[in-house]
Each structure stands twice: as C-alpha cells, then as structure tokens.
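# Descriptive structure summary
Residues per chain, in single letters:
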Amino acid sequence: TPKLADGQVLVKNQYTGINFIDTYFRKVPAMGPAYTQPLPFIGGQEGAGSIVEVTPAAAAAGFSVGQTVAYSVLGTYCEYTAVPTAKLLPVPDGVDLGVATAIMTQGLTAHYLTTSAHANLIKPGEWMLIHGVGGGTCQWRRRWPGSRGTRRSAPSPRARRTSASPLSATSSSCRSEEHTSELQS
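Residues numbered from 1 in each chain as written. Predicted model: local features only at pLDDT ≥ 70, side-chain atom pairs only at ≥ 80, totals over all residues. Heavy atoms only, no water.

## Quick look at the pattern of salt bridges
Within the structure shown, the criterion is met by 1 salt bridge. Lys12 serves as the salt-bridge partner of Glu79, at 3.0 Å between the closest nitrogen and oxygen. Pair noted here: Glu79 is in the loop between strand S3 (68–71) and strand S4 (80–84) and Lys12 is in strand S1 (residues 8–16), with a separation of 67 residues, a long-range link. (Salt bridge = Lys/Arg side-chain N within 4 Å of Asp/Glu carboxyl O. Helix = DSSP H or I, 4+ residues; strand = E, 2+ residues; numbered from the N terminus.)

Next comes the structure, spelled out in structure tokens:
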C-alpha cells in the first residue's frame, strides 16, 4: 500500500484503463526521455474506485472515505493508488464507473482534439472526418462534434459498424474511394 503525502487520498481501484499511450512507457528509450520511468515501474494512467484513506489537506479539499472517484496519474495497474486531490474527479451517482475511468484519458483526449487542437477551425455545418473510430478515443471524439453543430463521417471496418452505429455519425467503409464519394455527395 502506498504511503500518502499530505493533499493525497488512497483509492482502492475497481477499474483501471488500458490505453495506447501505455505502450510508450514499455518502448523506452525509443520514445524519448518524457516516457522514461525508473524501474520497477507500475504502468497505467487512469483509474477509478473508492477512497479508503484521506490526508488532512484532502479532507479540507472536500474528499472523504467512501467517496467514488476517477483519476489520472501514472501507476494505476495496482490494487491501491495514492492520488493528489488535484487529479481527482468525483463520480456522480448513476454514472458507470467504467465510463468514468475511460473518460480520464480517452475522453479528455477526444475533448482536446475536438475543442482545442484545431483552434475551432471546424465550424457548425462543416464536415469532420474521424479516423480510427473503432478505438476508444475516437468513440468519444465521434460523440462530441455533433454537439457543436458539425457533421461527422467515420470510416470503420465493416466488422466494427455495429459498435460504431449508435454514436450518431455517418459510418462508411475503409476503402478510400468509397469514402471520398460518400463525403462529396
């Protein structure tokens, strides 16, 4: 069990996310110094569960034992994780804990890609082409643009159409010539 610094809570993990970026930490030094971690290293960077211990500063910040939270810090592939309060997101009743976990990396990445990365270059009514819709980040990314008034097209393998279809974007095959004609129509 990790030791807590003041301003942290101890979370008993119920979920942890597995994301593509986790592979970067295993490819060191190929991925560069930003991904270099001292060994032994506990992987993972998003999780969710129940708070089992709080420090005085964490309690003063409004966190308490028994509270359900999601978070993003390195080292989530374990039973317990020490998490600074600044990295915690309280999970409201009725929100699935698996969904709350996934939003910490995939959801926030999707939000960034649809709101900040392109400096609002895509305007309401314009098309947004979303590649890789079979993956988690693009599943989230595909949901947000519609709320901003954009139209979306998401090429996906035929085998993945079922998982893609409820997300309210136009689905198409992976063949570029089919996709191009579909967007031009």
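Now, onward.
## Details of the environment of Val54
Mapped onto the secondary structure, Val54 falls in strand S2 (residues 47–54). Residues Val54 and Ala5, spaced 49 residues apart in sequence, show a C-alpha to C-alpha distance of 9.7 Å. Leaving out residues up to four positions away in the same chain, Val54 has contacts with Gln8, Val9, Ala59, Phe63, Ser64 and Val65. (Contact = heavy atoms within 4.5 Å.)

## With respect to the pairing of S3
Two strands pair when backbone bridges link them, and S2 and S3 are joined in this way by 4 bridges, in the antiparallel orientation. Residue pairing across strands places Gly47 opposite Tyr71, the latter belonging to S3. When S3 meets strand S5 (residues 88–90), the two strands line up antiparallel, connected through 3 bridges. Looking at S5, one finds that Ala70 is bridged to Leu89. (Pairing = 2+ DSSP bridges.)

## Some points on a nonpolar patch on the surface
There is a patch of nonpolar side chains on the surface, built from Ile18, Ile42 and Tyr77 and spanning about 310 Å² of accessible area. When you line up the elements, Ile18 lands in the loop between S1 and helix H1 (22–26). Overall, Ile18 belongs to the exposed group, its relative accessible area being 68%. (Patch = residues over 30% accessible without salt bridge, like charges linked within 9 Å, V, L, I, M, F, W, Y side chains within 5 Å. Areas by Shrake-Rupley, 256 points an atom, 1.4 Å probe, with all protein chains shown as cover. Buried < 20%, exposed > 50% of the residue type's maximum accessible area, 1.4 Å probe, protein only.)

## So, the nonpolar core
Within the largest apolar cluster, 10 residues are counted, these being Val9, Val11, Ile51, Ala58, Phe63, Val69, Tyr71, Val73, Val83 and Leu88. Taken together, the elements giving at least two residues each to this core come down to S1 and S3. Not counting residues up to four positions away in its chain, the partners in contact with Tyr71 are Val11, Asn13, Gln45, Glu46, Gly47, Ala48, Thr76, Thr81, Val83, Lys87, Leu88 and Met104. Within the second largest apolar cluster, 6 residues are counted, among which are Ala70, Leu97, Ala100 and Met104. (Core = buried A, V, L, I, M, F, W, Y, C linked by side-chain atoms within 4.5 Å.)

## Things to note about the sheet that holds S2
On the basis of which strands lie adjacent, the open sheet formed by 5 strands has the order S4-S1-S2-S3-S5 and antiparallel pairing. On the outer flanks of this sheet lie S4 and S5, each paired with one strand and no other. Geometrically, the sheet is characterised by an average inter-axis angle of 45 degrees between neighbouring strands, direction not taken into account. Relative to S2, S1 is paired through 7 bridges, and the arrangement is antiparallel. (Axes fitted to C-alpha atoms, helices over the stretch in contact; angles between N-to-C directions.)

## Overview of the confidence of the model for the protein chain
Taken residue by residue, the protein chain gives an average pLDDT of 74. The fraction at 70 or more is 56%. Contacts from residues 158–177, a stretch scored under 50 in pLDDT, to residues over four places away or in other chains number 41 contacts. (pLDDT = per-residue confidence, 0-100.)

## Brief notes about the side chain of Asn13
Topologically, Asn13 is positioned in strand S1. On the accessibility criterion, Asn13 (14% relative accessible area) is buried. Here the side chain of Asn13 touches Tyr71 through a polar contact of 2.5 Å, side chain to side chain. In contact with Asn13, other than residues within four places in its own chain, are Ala48, Gly49, Tyr71, Thr76, Cys78, Glu79, Tyr80 and Thr81. (Polar contact = N/O pair within 3.5 Å; in protein donor to acceptor, adjacent residues only side chain to side chain.)

## So, the side chain of Gln8
Relative to the elements of secondary structure, Gln8 occurs in strand S1. At 2.8 Å, the side chain of Gln8 forms a polar contact with the backbone nitrogen of Ala5. Once you skip the residues sitting within four places of it in the chain, Gln8 turns out to touch Lys3, Val54, Thr55, Ala58, Ala82, Val83 and Pro84.

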